[in-house]
Amino acid sequence: MSALHEAQYPQRILDYMEGFLISKTLFTSCELGVFDFLLASRRPLSAAEVAEGLGTSRDGMERLLSACVGLQLLTAHHSHADVLYSNTEMSRMYLTKCSPRSLYHSILYSSSTLYLCWNYLTDAVREGRNQHERAFGVSSGDLFGAVYRSDEETLSFMQLMNSIWNICGEDIVMAFDLSPFKTIYDLGGCSGALARRCVTAYPGCCVTIFDLPKVVRMSREHFISQENEGILFFEGDFFRDPLPEADLYILARILHDWTDSRSLELLTKVYQRCRTGGGVLLVEALLHEDNSGPVTAQLYSLNMLVQTEGRERKTSEYAALLTAAGFASIQVRRTGKIYDAILATK
Ligand code: SAM
Ligand code: ASE
């Protein structure tokens, strides 16, 4: 839409103002299980049938399904007086729980946690700090103590971390040729989704997921079963404990959780334990050098403000941290998706 048009009718402003209506429609449809119910039925269903199956009001479900049609998340089939609904290709692929490319768990975490944190964005901007205390009544003194405030929240966060690699993981492990690195530690490796991508792409390597004991326990229980050849676990605290020696350390979405000084502290520890000729792979949503975008990274940086102690950074800011820690020959690969990769060597 041209500037002139926007001056007369501010469609973009209206879209932004009411963007949360769209988010909430998506959240509620996933939470109620609409897409999985339609998948299981294997034929288009009426609103009454979906309402009956999911235990909701018929009127509420009619409006919800109709809004999903408007959002192109469902297809409406008109037969006689009735309307029948089915999943679109996109919702079957990304919104059903068990699809290999599912974002279902990301959506649930966005609904149950992010949405509540973002209720305090104004306070976060005023104060310049995260809002765990206001949103959930937990102290944010220990950041991951707050993020992992219950077993349910821990699993939910881990599922969020896990699911994005369903759609972005391949690009990250292929961004550089990692085959020369045999012993790899994925620091803060969480559910192990990226580790799994890594051993699939490089069958000759061994990836160890290094994470807090509770996370390792949950990862073993819910995400990585014994059959996963080439994936090991190491329980530890990367700030407090000595790091094991390795050829490559992956830090995916780690530095963006922390201040520059904590990030440098961690990278320095990594540099000291890294074998000569080895390296570090940073995986982050990179901001453009002039801060002009991408808008996803700009918004994620606000999310880091409400939820963590960190920020999203530009390539030059990561390069400065890597150089200060001792690393050299810093290379960047942009993937065009959410996350990019930076490789530096010792
Ligand atoms: N790398 C994963 C990914 O990109 O999907 C997870 C990133 S998540 C934002 C940060 C991870 O760092 C979590 O798995 C968390 O448990 C881990 N972590 C936080 N503090 C840690 C510490 N002190 N020692 C080890 N792991 C830590
Ligand atoms: C973190 C990553 C995330 C810490 C908290 C987080 C994400 C959500 N909450 O390291 C994933 C990225 N998504 C957004 C909206 O920032």
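Anything mentioned here points back to the structure above.
Treat the numbers as computed from the prediction; the structure is a model and nothing was measured.

Engineer: When you look at the site of ligand 2 in this model, what are you seeing that I'm missing?
Structural biologist: Lining the immediate environment of ligand 2, one finds 13 residues, of which His256, Asp257, Tyr300, Asn303 and Gln307 sit closest. Taking asparagine 303, its side chain carries an N or O atom lying 2.8 Å from an oxygen atom of ligand 2. The side chain of glutamine 307 places a nitrogen or oxygen atom 2.5 Å from a nitrogen atom of ligand 2. Burial of ligand 2 by the protein amounts to 91% of the accessible area it has alone, namely 390 Å².

Engineer: Looking at this structure, I do not really get helix 12 (residues 151-174). What am I missing?
Structural biologist: Each turn of an α-helix holds 3.6 residues, which means side chains three or four residues apart point in the same direction. Helix length check: helix 12 (24 residues) gives 33 Å between terminal C-alpha atoms against 34 Å at 1.5 Å per residue, within 8%. Where helix 12 bends most, at cysteine 168, the angle is about 70°.

Engineer: What is the right way to read the sheet that holds strand 4 (residues 183-187) from this model?
Structural biologist: Whether parallel or antiparallel, the strands of a sheet pair through hydrogen bonds between backbone atoms. Read across the sheet, seven strands follow the order 6-5-4-7-8-10-9 without closing on themselves; strand pairing throughout is mixed. Every interior strand has two partners, whereas the edge strands, strand 6 (231-235) and strand 9 (328-333), have only one. Neighbouring strand axes in the sheet, compared pairwise and without regard to direction, differ in orientation by 20° on average. The strands touched by helix 14 (residues 213-222) are strand 5 (206-211) and strand 6; relative to strand 6, the strand with the most contacts, the crossing angle is about 150°.

Engineer: Got a minute to help me understand the sheet that holds strand 1 (residues 45-46) in this structure?
Structural biologist: In spatial order, the strands read 1-3-2; together these three strands make up an open sheet with antiparallel pairing. The two strands at the open ends of the sheet, each matched to only one other strand, are strand 1 and strand 2 (74-79). Pairing of strand 1 with strand 3 (residues 82-87), which is carried by two bridges, proceeds in the antiparallel orientation. The residue bridging serine 46 from the neighbouring strand is leucine 84, located in strand 3. The strands that helix 4 (residues 34-41) touches are strand 1, strand 2 and strand 3; relative to strand 3, the one it contacts most, it runs at about 100°.

Engineer: So what exactly am I meant to see when it comes to the packing of helix 12 against helix 14 here?
Structural biologist: Helix packing geometry: the angle between the two helix axes and the distance between the axes. Between helix 12 and helix 14, the shortest axis-to-axis distance is 11 Å and the interhelical angle comes to 70°. Looking at the two axes, helix 12 sits roughly perpendicular to helix 14. Both helix 12 and helix 14 take part in a crossing whose hand is right-handed. Taken together, the residues of helix 14 that come into contact with helix 12 (itself represented by Asp151, Thr154, Leu155 and Met158) are Lys214, Val215, Arg217, Met218, Ser219 and His222. Within the contact of helix 12 with helix 14, the residues separate by chemical class into four nonpolar, three polar and three charged.

Engineer: Quick question: what am I supposed to make of the pattern of salt bridges here?
Structural biologist: Two side chains carrying opposite charge are able to pair once their charged atoms lie near each other. Applying the stated criterion to the full structure yields 16 salt bridges. With a closest N to O distance of 3.6 Å, aspartate 123 and arginine 134 form a salt bridge. Separated by 11 residues along the polypeptide, aspartate 123 in helix 9 (residues 121-127) and arginine 134 in helix 10 (residues 132-136) bring together distant segments of the chain. For arginine 275, the salt bridge identified is with aspartate 247, shortest N-O distance 2.9 Å. With arginine 275 in strand 8 (residues 274-284) and aspartate 247 in strand 7 (residues 246-252), this pair connects stretches of sequence that are 28 residues apart.

Basis of the calculations
- Residues numbered from 1 in each chain as written.
- Chains lettered and ligands numbered in written order.
- Predicted model: local features only at pLDDT ≥ 70, side-chain atom pairs only at ≥ 80, totals over all residues.
- Heavy atoms only, no water.
- Near = heavy atom within 4 Å.
- Polar contact = N/O pair within 3.5 Å; in protein donor to acceptor, adjacent residues only side chain to side chain.
- Areas by Shrake-Rupley, 256 points an atom, 1.4 Å probe, with all protein chains shown as cover.
- Helix = DSSP H or I, 4+ residues; strand = E, 2+ residues; numbered from the N terminus.
- Expected span 1.5 Å × (residues − 1).
- Bend = angle between axes of the 7 residues up to and from the residue.
- Pairing = 2+ DSSP bridges.
- Axes fitted to C-alpha atoms, helices over the stretch in contact; angles between N-to-C directions.
- Contact = heavy atoms within 4.5 Å.
- Parallel < 35°, antiparallel > 145°, perpendicular 65-115°, else oblique.
- Left-handed = near helix turned anticlockwise from the far one by under 90°.
- Nonpolar A, V, L, I, M, F, W, Y, C, P; charged D, E, K, R; others polar.
- Salt bridge = Lys/Arg side-chain N within 4 Å of Asp/Glu carboxyl O.

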